[in-house]
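# Breakdown of the fold
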Amino acid sequence: MGNIILLTGFQPFLDYSINPTEAIVKELDGRKIGEYEVRGAILPVSFRESGDLLLHHFQTVQPTAVVMLGLAAGRSKITPERVAININSGPEDRDGIAPVDEPIRQGGPAAYFSTLPVRRLIQRLNEEGFPAEISNSAGTYVCNHVMYQMLDYLHEKGSEQVAAGFVHVPASKELAAQHHSLPSMDLKELTRAVTLMIKEL
């Protein structure tokens, strides 16, 4: 069997009735991109469920790489994340849970670095005309939560040969039409950018 990449996105959350990562993952699911066959999964914006569901998909698919996508409404660039930290903190999730400074795993490492080649991804995107830069904080909301959970799982299992990390994308034009101050990118262009990153792996 060839290489499989697990590509995840999120359902809509908070005041955002559209989450472009959901559409991107659905569009690319089942495609052959570069050396990879894409298997897509949509996660709920839930501290309680997202990590477990992500790991369930990982164990089912047994991928050789994992790229998790999330919406960073307000950012104007595509931003691969460098670091996930061992903190849950943020506004209410889908289940009404709003943790304050809680560890994701009690006694777990303070942080993990992405094992995706983030600098190379940025360079490829920039060469293709996409605004992109490395972000040094995945925040403390559910995006950071799943990134930490995935990297922690791989570390504990000794499976660090699996490249895994998180990429935040700006709002789509459709979402920005509902929130007029948001910077945005066309959904087709966002999908093309994700395709380029997968090829670069």
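Scroll up to find the structure.
Residues numbered from 1 in each chain as written. Predicted model: local features only at pLDDT ≥ 70, side-chain atom pairs only at ≥ 80, totals over all residues. Heavy atoms only, no water.

## Brief notes about the overall build of the protein chain
Counting its secondary structure elements, the protein chain contains six helices and 10 strands. Across its three principal axes, the protein chain shows a C-alpha extent of roughly 40 × 40 × 25 Å. Out of the 201 residues in the protein chain, the part that is buried amounts to 51%. For the protein chain, the share of sequence-separated contacts (at least 6 apart) that also reach a separation of at least 24 residues comes to 77%. Accessible area for the protein chain stands at about 9000 Å²; split by element, carbon and sulfur atoms hold 47% of it. A distance of 6 Å separates the average location of the 18 positive side-chain charges in the protein chain from that of its 24 negative side-chain charges. (Helix = DSSP H or I, 4+ residues; strand = E, 2+ residues; numbered from the N terminus. Buried < 20%, exposed > 50% of the residue type's maximum accessible area, 1.4 Å probe, protein only. Contact = heavy atoms within 4.5 Å. Areas by Shrake-Rupley, 256 points an atom, 1.4 Å probe, with all protein chains shown as cover. Lys, Arg positive; Asp, Glu negative; His and termini not counted. Charge placed at Lys NZ, Arg CZ, Asp CG, Glu CD.)

## A word on helix H3 (residues 118-127)
Where H3 is concerned, the buried positions are Val118, Leu121, Ile122 and Leu125. Viewed along the axis of H3, the buried residues span an arc of 100°, placing them on a single side of the element. Where H3 is buried, its residues touch strand E5 (79-80) and helix H6 (187-200). Gly129 sits one or two residues past H3 and shows a positive phi near 90°. (Arc of directions from axis to C-beta.)

## Notes on the packing of H3 against H6
As a packed pair, H3 and H6 sit with axes 10 Å apart at the nearest point and diverge in direction by 130°. Relative to H6, the element H3 lies oblique. Considering how the two elements wind past one another, H3 and H6 form a crossing that is right-handed. Touching Arg120, Leu121, Arg124 and Leu125 of H3 are Ala193, Leu196, Met197 and Glu200, all from H6. Considered class by class, the residues forming the contact of H3 with H6 number five nonpolar, no polar and three charged. (Axes fitted to C-alpha atoms, helices over the stretch in contact; angles between N-to-C directions. Parallel < 35°, antiparallel > 145°, perpendicular 65-115°, else oblique. Left-handed = near helix turned anticlockwise from the far one by under 90°. Nonpolar A, V, L, I, M, F, W, Y, C, P; charged D, E, K, R; others polar.)

## Regarding helix H4 (residues 142-157)
Between its terminal C-alpha atoms H4 stretches 22 Å, which fits the 22 Å expected from 16 residues at 1.5 Å a residue. Buried within H4 we find Val142, Cys143, Asn144, His145, Val146, Met147, Tyr148, Met150, Leu151, Asp152, Tyr153 and Leu154. Note on H4: the residue one or two positions beyond its end, Gly158, has a positive phi of about 70°. (Expected span 1.5 Å × (residues − 1).)

## Quick notes on the sheet that holds strand E4 (residues 65-71)
Strand order across the open sheet formed by six strands is E2-E3-E1-E4-E8-E5, with mixed pairing between neighbours. Edge positions in the open sheet fall to strand E2 (32-33) and E5, since each of these has one partner strand only. The pairing of strand E1 (residues 3-10) with E4 spans four bridges and is classified as parallel. Note that in E4 the partner of Leu7 across the bridge is Val67. Contacts from H4 reach E1, strand E3 (36-43), E4 and strand E8 (163-169) within the one sheet, and its direction differs from that of E8 by about 170°. (Pairing = 2+ DSSP bridges.)

Function cannot be inferred from these measures alone, as they are strictly geometric.
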